[in-house]
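Reading the structure
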Amino acid sequence: MSETAQAPALPYEVIGGRPVVQRLVDRFYDLMDEDPAYLALRQIHAPDLAPMRRSLTGFLSGWLGGPRDWFEANPGRCVMSAHAPIPITAQTAAQWMAAMGQALDDAGIDPDLKTQIRTAFGRMSASMVR
Ligand code: HEM
C-alpha cells in the first residue's frame, strides 16, 4: 500500500466536472421553461434564461470546489443576499427544489453526492422564503 496521502476527491471531480455541471443547469432551466408545473417559478425569472444558465453554472462550479471564475468576477457577492430582493414564496421555493431534484436525477450524479447537494440546496432554499 502506498504511503502517499491522497486528498479526498473534490465534489466537482466526483460530479464529473464542467460538462456535468452544465448538463445539470441546462436541464434545470429547460424544465423550468417547458414544464407548466414550474410556471410560478418561471414567471419570477427574466424572459431570457441565458444569463442565468451562465451564472448558475459558474456559481456551482466554484461552490463544488472547481474553477472559481464566478466568485472572482463577483467579489463579495453572497448567493443568499442576491435573493433578498426576489419575492420567494413557499410555492416558488418548492418548485425550485422539485425542478432541481428532477435535474439532479436526470444528470446521472453519484447518489451520495446527490443526497448531499439536495440537503444543502434544501437548507438554502428554505432560508430564501419570506
Ligand atoms: C428558493 C428557491 C429559489 C428561487 C425561487 C430562486 C430564484 C431566483 C431568481 C428569480 C433569480 C434571478 C433570475 C433572473 O434575474 O432572471 C435567481 C438567481 C440566482 N440564483 Fe436562485 N433561486 C432559488 C434558490 C437558489 C439556490 C439554492 C441557489 C444556489 C444553489 C441559487 C443560485 C442562483 C444564482 C447563482 C443566481 C444568479 C445570481 C446572479 O448572477 O446575480 N438559487 N434565483
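Here, the structure is the one placed above.
1. Quick notes on the overall build of the chain
- Helix and strand counts for the chain come out as eight helices and zero strands.
- Computed over the C-alpha atoms, the radius of gyration of the chain is 16 Å, within 12% of the 14 Å expected from 2.2 N^0.38 for a compact globule of 130 residues.
- For the C-alpha atoms alone, the extent of the chain along its principal axes is close to 55 × 30 × 25 Å.
- Sorting the 130 residues of the chain into buried and exposed places 37% on the buried side.
- Here the contacts in the chain between residues at least 6 apart in sequence split such that 73% fall between residues at least 24 apart.

2. Concerning the coordination of the iron atom of the ligand
- When only protein atoms are considered, the iron atom of the ligand has one donor, H83 (NE2), at a distance of 2.0 Å.
- Along the chain, the position of H83 falls in the loop between α6 (79-82) and α7 (90-106).

3. Notes on the environment of G122
- With respect to the helices and strands, G122 occurs in helix α8 (residues 111-128).
- In the structure, G122 is positioned 25 residues away from M97 in sequence and 6.9 Å away in space, judged by C-alpha atoms.

Basis of the calculations
- Residues numbered from 1 in each chain as written.
- Predicted model: local features only at pLDDT ≥ 70, side-chain atom pairs only at ≥ 80, totals over all residues.
- Heavy atoms only, no water.
- Helix = DSSP H or I, 4+ residues; strand = E, 2+ residues; numbered from the N terminus.
- Rg over C-alpha atoms; globule rule 2.2 N^0.38 Å.
- Buried < 20%, exposed > 50% of the residue type's maximum accessible area, 1.4 Å probe, protein only.
- Contact = heavy atoms within 4.5 Å.
- Donors = N, O, S within 2.8 Å, 3.2 Å for Na, K, Ca; no water.

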